[in-house]
2 protein chains.
Amino acid sequence: MSASAWGAAGLPACPISLRDYPRVTLAHGAGGRLSAELVERMFVATLGGESLRARHDGARVRVGGRGDVVITTDTYVVSPLRFPGGDIGTLAVYGTTNDLAMCGARPRALSLGLVLEEGLPMDTLWRQVLAIRAACELVGVEVVTGDTKVVERGKGDGMFVNTTGVGAPVDAPAPRPARVRPGDAIIVTGDLGRHGIAVLAAREQLMIETPIESDLATLVEPALALLEGGVDVRCLRDLTRGGLASALNELAASAGVRVELDEERVAVHPTVRGVCELLGFDPLYVANEGRFVAIVAPEHVDAALELLRRFPVTAEAVAVGRVLERGPAEVVGRSAYGTTRVVDMLSGAQLPRIC
Amino acid sequence: MSASAWGAAGLPACPISLRDYPRVTLAHGAGGRLSAELVERMFVATLGGESLRARHDGARVRVGGRGDVVITTDTYVVSPLRFPGGDIGTLAVYGTTNDLAMCGARPRALSLGLVLEEGLPMDTLWRQVLAIRAACELVGVEVVTGDTKVVERGKGDGMFVNTTGVGAPVDAPAPRPARVRPGDAIIVTGDLGRHGIAVLAAREQLMIETPIESDLATLVEPALALLEGGVDVRCLRDLTRGGLASALNELAASAGVRVELDEERVAVHPTVRGVCELLGFDPLYVANEGRFVAIVAPEHVDAALELLRRFPVTAEAVAVGRVLERGPAEVVGRSAYGTTRVVDMLSGAQLPRIC
């Protein structure tokens, strides 16, 4: 018997229209609507057990009789490998451990899977290994196992880094979309769009008067402080590909609610805003790597903000919106003038290879 | 403060000679001596805690107060994506769960990290997702979380698949190189070299009279049967990149022993042997994906073989050698005529992109 499913009789039809999408496009990995459709229709529907269907950044799994562990994975393909405020190695550690924290778990171990392109300068690899070590020390997590593959020149792009994280749930109800309910408050922990603009500037060598650094940072401590501080945290989500707009749309869809966003309360650095206006980007959709959204019970907003403001990385946290009624998922943006718009999901994204 | 280690004052010198190896070569990922040096000197020495230094296929980690879990990771870059007897999706599930079994753990959960090249036929992706599902069902493991990235055409090669596995240790001493001691018997579970030759034949469209299928198979049940069957299993290692020769050299180095291999007891299919002779390959170095080596206490050899022969995939298991005295690591091959040779580590490998 062949070990392969290929050519199996009565192969189920592809859940993505082969007429509309005969081939994978960059948009399928960009964190927008096409990404979400690919994940939902092909991966979750085909492979999904309960964990995958929970549509969170990671999964809670019972291992043996030993209680739950949380698992999350991310592959980093950011280009260039270095950008103001960070690099792929640091991103690979912070990004994955941030996801564990968003799932209510303290990071315990990381696996490291490298795909190197033949010809990558050895010194570049070495500097990224040092960056990974520095980031692990700061987060308090250890690389416990790894794998290295090398592909021929022109079959990769310098280096791709997969980190898979395993964490221990903290003693609090697991934050997840299913816990979101009407009336909940939506908190964002800082200004938006720095990572996307910093990577874009590095990639395109944009000349910017006041250079923007990525907001890349570890969010483990403030996120776990909320959970362990007794705040009724309904859900946490870090803002990466697709930015705040995509994160809120995903949460609205998973929870089956409408949400309202007071756009004037969302902070954006003047330089980020300027570059966005120049390029026709909307900062709500630009990637971040050091910001998260916390959806909390309305009566806990002040306590949550008070806790978050103790940490430099979340000192600028503000409540920017609220969960409205259950029903068709929608994100409504309200301007300073009271006008509203639907903040929809982009089909693709403004920037590929951002993380 | 930048989140990056780049440009840090007094950057430690690269542990790999930049004069000898200014750039990463295919050999650094081929599973031979250069791979081992990169892993040991750069990754283990820099990132390594205890788990990484244990030099096994996976790590045993305490998560919270919850007892141990085993974690292992592998990224699959095999080319072509399909080959006789398997495909990258099946390989990604069997390969990683086999590693968990080699660490004495029953697979519980997999993460799935995909790097897709823009332009990959959607139907190719779909068939691999089906292959992953079929393999997960056969092994009894679930994909619990995932991530998908898409890179521009020419920056990848169809699809790369990372699977990271989490497992629960079975109730037996953890098999590991440190338990290997002089007098132990070395068992190999079947004939060698099928996977490497099958992939090579598919890649080069070799015309072979009797086509060879990869030995790709799940090894979880026979491996755990040994551990749970009361056999004193010192160490287990599946034979992938670099074949039996590299696996024995790694084990000899980790355990600090000499080992002896009775070469005439190692089975090789006539077609595999023929292709190897034609191309100047040594079957001892050719990759397998459905074979493993079990090092067991000498008094348990017969029990081990008896157990293994109950499973079709390991029915041809034979004792092929023994662990000699402690001392400088070395693998000695003994021919049918009693002559001996040193079975050394290759610097690179005979075939790139094999797994």
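Predicted model, so just to flag it, every value in this text is computed and none were measured.

### Structural notes on the overall build of chain A
Moving on, step 1. For chain A, the count of helices and strands is 9 helices and 14 strands.
Moving on, step 2. In terms of overall dimensions, chain A is globule-like: its C-alpha atoms have a radius of gyration of 20 Å, near the 20 Å expected for 355 residues.
Moving on, step 3. Residues classed as buried in chain A amount to 62% of the 355 residues present.
Moving on, step 4. The long-range fraction of contacts in chain A, counting pairs at least 24 apart against all pairs at least 6 apart in sequence, stands at 83%.
Moving on, step 5. For chain A, the accessible surface area stands at approximately 12,700 Å², while carbon and sulfur atoms represent 50% of it.
Moving on, step 6. Here chain A holds 36 positive side-chain charges and 43 negative ones, and the gap between their average locations is 4 Å.

### So, the relation of the copies chain B and chain A
Moving on, step 1. Once chain B has been moved 0.0 Å along the axis and rotated by 180°, it coincides with chain A to within an RMSD of 0.0 Å. Taken together, the rotation and translation describe the operation of a two-fold axis. Among all residues of chain B, the one whose C-alpha sits closest to the rotation axis is B:Gly156, at a distance of 2.2 Å.
Moving on, step 2. When you check the interface residues of chain B against chain A, 100% turn up at the interface there too, and the contact is symmetric in its surfaces.

### A closer look at the interface of chain B and chain A
Moving on, step 1. Listed per partner, the contact involves 106 residues of chain B and 106 residues of chain A.
Moving on, step 2. Interface area, chain B with chain A, both sides summed: about 9,000 Å², of which 68% is carbon and sulfur.
Moving on, step 3. Counting across the interface, chain B meets chain A through 8 salt bridges.
Moving on, step 4. Across the pair B:Arg241 and A:Asp147 runs a salt bridge whose closest N-O atoms are separated by 3.0 Å.
Moving on, step 5. Scanning the region where chain B abuts chain A turns up 23 residue pairs in polar contact (both at pLDDT 80 or more).
Moving on, step 6. Ranked by the residues each element gives to the side of chain B that touches chain A, the list is headed by helix H4 (residues 122–139) of chain B, at 13 residues.

### Quick look at helix H3 (residues 88–102) of chain A
Residues and elements named next belong to chain A.
Moving on, step 1. The end-to-end C-alpha distance of H3, which contains 15 residues, comes to 20 Å, matching closely the 21 Å that a straight helix rising 1.5 Å per residue would cover.
Moving on, step 2. Taking burial as the measure, the 15 residues of H3 include 15 buried ones, the bulk of the element.
Moving on, step 3. Positive phi appears at Gly104, one or two residues downstream of H3, with a value of about 80°.

### Notes on the sheet that holds strand S7 (residues 159–169) of chain B
All names here are of chain B.
Moving on, step 1. Read from one edge to the other, the open sheet built from 5 strands follows the order S1-S2-S7-S5-S6, with strand pairing classed as mixed. If you trace the sheet from one side to the other, it starts and ends with strand S1 (59–62) and strand S6 (142–151), each paired once. Strand after strand, the sheet turns through a mean of 20° between neighbouring axes, direction not considered.
Moving on, step 2. Strand contacts of H4: strand S5 (105–117), S6 and S7, with the helix running at about 175° to S5, the strand carrying the most contacts.

### Let's talk about the pattern of salt bridges
Residues and elements named next belong to chain B.
Moving on, step 1. Within this structure, the stated rule accounts for 54 salt bridges over all chains.
Moving on, step 2. Between Arg234 and Asp232 there is a salt bridge, with the nearest N and O atoms lying 3.2 Å from each other.
Moving on, step 3. With relative accessibility at 21%, the residue Asp232 sits in the partly exposed group.
Moving on, step 4. In this structure, the salt-bridge partner of Glu330 is Arg258, at a minimum N-O distance of 3.0 Å. Of the two residues, Glu330 is situated in strand S13 (residues 330–334) and Arg258 in strand S10 (residues 257–262); the sequence distance between them amounts to 72 residues.

### Focus on the nonpolar core
Moving on, step 1. Formed by 105 residues in total, the largest nonpolar core has its most connected members in A:Met42, B:Leu125, B:Ile187 and B:Leu226.
Moving on, step 2. The element best represented in this core is H4(B), accounting for 9 residues.
Moving on, step 3. Grouped together as the second largest cluster of nonpolar side chains are 79 residues, A:Leu91, A:Leu125, A:Trp126 and A:Val275 included.

### Quick look at the pairing of strand S11 (residues 292–296) of chain B
Residues and elements named next belong to chain B.
Moving on, step 1. Summarising burial for S11: 5 of the 5 residues are buried, a large majority.
Moving on, step 2. Of the pairings in the sheet, the one linking strand S9 (residues 233–238) to S11 comprises 5 bridges and is antiparallel in character. Bridging across to S11, Asp238 finds its partner in Phe292.

### Topic: the packing of aromatic side chains
Moving on, step 1. Inspection of the entire model under this criterion finds 1 aromatic pair over all chains.
Moving on, step 2. Ring plane angle 45° and centroid distance 6.5 Å describe the contact between A:Phe160 and B:Phe160, whose orientation is recorded as tilted. Here A:Phe160, found in strand S7 (residues 159–169), pairs with B:Phe160, found in strand S7, and the two come from separate chains.
Moving on, step 3. For A:Phe160, a relative accessible area of 1% puts it in the buried group.
Moving on, step 4. Of note, B:Lys149 hangs over the ring of A:Tyr76, and the distance from its end group to the ring centre comes to 5.6 Å.

### Brief notes about the confidence of the model for chain A
Moving on, step 1. Residues with a pLDDT of 70 or more make up 97% of chain A, whose mean pLDDT is 93.
Moving on, step 2. Across residues 1–8 of chain A the pLDDT falls below 50, and counting only partners more than four positions away or on other chains, this stretch makes 23 contacts in the model.

### Re a nonpolar patch on the surface
Moving on, step 1. A cluster of nonpolar side chains, namely A:Leu206, A:Leu278 and A:Leu279, defines an oily patch on the protein surface of about 290 Å² accessible area.
Moving on, step 2. Tracing the backbone through its elements, the reader meets A:Leu206 in the loop between helix H5 (194–204) and helix H6 (220–228).

Reading guide: rules and limits
- Residues numbered from 1 in each chain as written.
- Chains lettered and ligands numbered in written order.
- Predicted model: local features only at pLDDT ≥ 70, side-chain atom pairs only at ≥ 80, totals over all residues.
- Heavy atoms only, no water.
- Helix = DSSP H or I, 4+ residues; strand = E, 2+ residues; numbered from the N terminus.
- Rg over C-alpha atoms; globule rule 2.2 N^0.38 Å.
- Buried < 20%, exposed > 50% of the residue type's maximum accessible area, 1.4 Å probe, protein only.
- Contact = heavy atoms within 4.5 Å.
- Areas by Shrake-Rupley, 256 points an atom, 1.4 Å probe, with all protein chains shown as cover.
- Lys, Arg positive; Asp, Glu negative; His and termini not counted.
- Charge placed at Lys NZ, Arg CZ, Asp CG, Glu CD.
- Least-squares fit on C-alpha atoms with pLDDT ≥ 70 in both.
- Buried area = accessible area lost by both parts, 1.4 Å probe.
- Salt bridge = Lys/Arg side-chain N within 4 Å of Asp/Glu carboxyl O.
- Polar contact = N/O pair within 3.5 Å; in protein donor to acceptor, adjacent residues only side chain to side chain.
- Expected span 1.5 Å × (residues − 1).
- Pairing = 2+ DSSP bridges.
- Axes fitted to C-alpha atoms, helices over the stretch in contact; angles between N-to-C directions.
- Core = buried A, V, L, I, M, F, W, Y, C linked by side-chain atoms within 4.5 Å.
- Phe/Tyr/Trp six-rings, centres within 6.5 Å; stacked < 30°, edge-to-face > 60°.
- Lys NZ or Arg CZ within 6 Å of the ring centre and 35° of its normal.
- pLDDT = per-residue confidence, 0-100.
- Patch = residues over 30% accessible without salt bridge, like charges linked within 9 Å, V, L, I, M, F, W, Y side chains within 5 Å.

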